[in-house]
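Coordinate inspection notes
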Amino acid sequence: MSAVQGWTVPGFDSVREAFAATVNSLDRSGGSCALVRDGELVVDLWGGAGWERNTTTVVYSATKGVVATAVNLLVQRGALDPDRTVARYWPEFGAAGKSGITVRELLAHRAGLPVVEKPLTLAEVLAGGAAAVLAEQAPLWEPGSTHGYHALTWGWLVGELVRRVAGTSVGAFVARELGAEVGPGLRIGVPVAEQVGIAPLVADVPRPAERDLITDPAALAAVDRLLAARSDPGSPLVRALTTNGVLPTPDAAAWNDPVVRAAEIPAANAVTNARALAEMYGACVRATDPLLAPDTVAAAAVVVSDGEDRITLRPTRFGLGYQLANEAVPMFGPGCFGHPGAGGSLAFADPVRRSGFAYVTNQLRMSLLGDPRAVGVAEAARAALDR
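First, a word on what this report is: a plain description of the structure on this page. As the structure is a computational prediction, the values presented were derived from the model and not from experiment.

Conventions adopted
- Residues numbered from 1 in each chain as written.
- Predicted model: local features only at pLDDT ≥ 70, side-chain atom pairs only at ≥ 80, totals over all residues.
- Heavy atoms only, no water.
- Helix = DSSP H or I, 4+ residues; strand = E, 2+ residues; numbered from the N terminus.
- Pairing = 2+ DSSP bridges.
- Buried < 20%, exposed > 50% of the residue type's maximum accessible area, 1.4 Å probe, protein only.
- 1 Å grid on protein atoms, 1.4 Å probe; cavity = no way out; pocket = protein on both sides within 12 Å on 5 of 7 lines; lining within 4 Å.
- Points joined across faces, edges and corners; volume = space filled by probe spheres on them.
- Nonpolar A, V, L, I, M, F, W, Y, C, P; charged D, E, K, R; others polar.
- Phe/Tyr/Trp six-rings, centres within 6.5 Å; stacked < 30°, edge-to-face > 60°.
- Lys NZ or Arg CZ within 6 Å of the ring centre and 35° of its normal.

The amide bond that connects threonine 249 to the next residue, proline 250, takes the cis arrangement and shows omega of -10 degrees. Positionally, proline 250 belongs in the loop between α10 (236-242) and α11 (252-256). At alanine 96, a position not held by glycine, the phi torsion is positive, near 55 degrees. Positive phi, normally seen in glycine, also occurs at histidine 109, with a value near 65 degrees. When you line up the elements, histidine 109 lands in the loop between α4 (103-107) and α5 (122-126).

Here the focus is the sheet that holds strand β6 (residues 270-272). The strand order across the open sheet built from three strands is β4-β6-β5, with neighbouring strands paired in antiparallel fashion. The sheet is open, and its two edges are formed by β4 (57-58) and β5 (186-188), each paired on a single side. Where β4 and β6 come together, two bridges link them in antiparallel fashion. Note that in β6 the partner of threonine 57 across the bridge is threonine 272.

With that out of the way, let us pick up the pairing of strand β12 (residues 355-361). With respect to burial, β12 is a largely interior element, seven of its seven residues being buried. Of the two faces of β12, the one lined by Ser355, Phe357, Tyr359 and Thr361 and the one lined by Gly356, Ala358 and Val360 are each fully buried. Of the strand pairs in this sheet, strand β2 (residues 30-37) and β12 are connected by seven bridges, and their pairing is antiparallel. Each residue of the ladder has a partner; that of leucine 35, found in β12, is phenylalanine 357. As judged from the five bridges shared by strand β11 (residues 346-350) and β12, these two strands associate in the antiparallel manner. The residue bridging phenylalanine 348 from the neighbouring strand is phenylalanine 357, located in β12. If you look at the hairpin formed by β11 and β12, you'll find four residues sitting between the two strands, and arginine 354 has a positive phi there, around 50 degrees.

As a volume, the largest pocket reaches approximately 1,400 Å³. Around the largest pocket, the lining is made up of 49 residues, and of these Arg230, Arg314, Ala342, Met366 and Ser367 lie nearest the centre. Put simply, the parts of the chain that give the lining of the largest pocket at least two residues each are α9 (217-231), α10, β8 (315-318), β10 (337-340) and α15 (372-386). Looking at the lining of the largest pocket element by element, the count peaks at five residues for α9. A class-by-class count of the residues in the lining of the largest pocket yields 29 nonpolar, 13 polar and seven charged.

Now for the packing of aromatic side chains. Scanning all chains against the criterion turns up 10 aromatic pairs. Centroid distance phenylalanine 19 to tyrosine 359: 6.2 Å. Interplanar angle 75 degrees. Geometry classified as edge-to-face. Of the two residues, phenylalanine 19 sits in helix α1 (residues 13-23) while tyrosine 359 sits in strand β12, which places them 340 residues apart along the sequence. Here phenylalanine 19 falls in the buried class, since its relative accessible area comes to 0%. Judged by its relative accessible area of 1%, tyrosine 359 falls in the buried class. Ring plane angle 70 degrees and centroid distance 5.3 Å describe the contact between tyrosine 60 and tryptophan 255, whose orientation is recorded as edge-to-face. Pair noted here: tyrosine 60 is in the loop between β4 and α2 (62-76) and tryptophan 255 is in helix α11, with a separation of 195 residues, a long-range link. Both residues of the pair, tyrosine 60 and tryptophan 255, belong to the buried class. Through pairs of rings, three or more aromatic residues link up here, namely Tyr281, Tyr322 and Phe337. The ring of tyrosine 89 has arginine 88 lying over it, and the distance from NZ or CZ to the ring centre is 5.5 Å. Of note, lysine 98 hangs over the ring of phenylalanine 93, and the distance from its end group to the ring centre comes to 5.2 Å.

Spelled out as structure tokens, the structure:
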């Protein structure tokens, strides 16, 4: 049994119990969880192999929620208009039939650019070369007509948009604008010399075939389509998750590479922990001096994309950059916004409960039936908040 360290305020012991259950199910790994209620840190827990209070790890697409917060700050300040075209801020992006794509459509995965078509080397990808290639590329579907998860390309596209508007990289913008709220425990791009206290990702462990547990014919058909897509190197899903084979995602070995951690990959390589993420989201929705004004939060949580995702083949729901609560990612319920990360991490805000929640783990797990770890801890946190 792995000891859980940290603390909870009275009334939140059930969160410790739920978190301990996830830590004790891990193999050579650990994690952290945190909950902020109206600006107050009420849960701060960590445990497992190698984990201390300030341990961080790569959180994959939970990064997108951090970048979405940066984008919504720019919207709030009037520097970026979601209903203007991307080409208004980034003229080169308007090539190949993309001149009408709006910022809102780009943020909600409706631009039709989930795959980098031109072969790139890893060095080119890590240097940010994908943004210029995507600007020249034609969309895979009529922009705005449907949505498909831009697993890695979202970060390069939105990161370039932030650079054009803010005059700095998204990693530098996050450090400058969010650092006061969360401290140094949240970074996108960590120089090799500063990569201290980062828990390496641990590969998924073999488990019994989950497909055998599915009895509903419709669910079974959906899972079989997903399995077929995962096993086909030419499928849009695999190409989106691997940058055409250059940067496989999720993959412990690839993303533990110090050079990959040092690059800015704004869709996937934030290095952080649960406390920093919960504090960021809690700051967005606290009653006094919130990071995002209530009107900004309300606008960010308006549904732009909803239903089956043509890339992941699962139901997804997006607002202004954030993933919104749905049946697949319930969070605390309707109104919540944030983002999960491949492998198990999850972080979000709840404007009704004025709370920020995060669960982070370095133990990758890819489940057909949904990962119960973060969901279980989040449910315990919601119940404690509602008592």
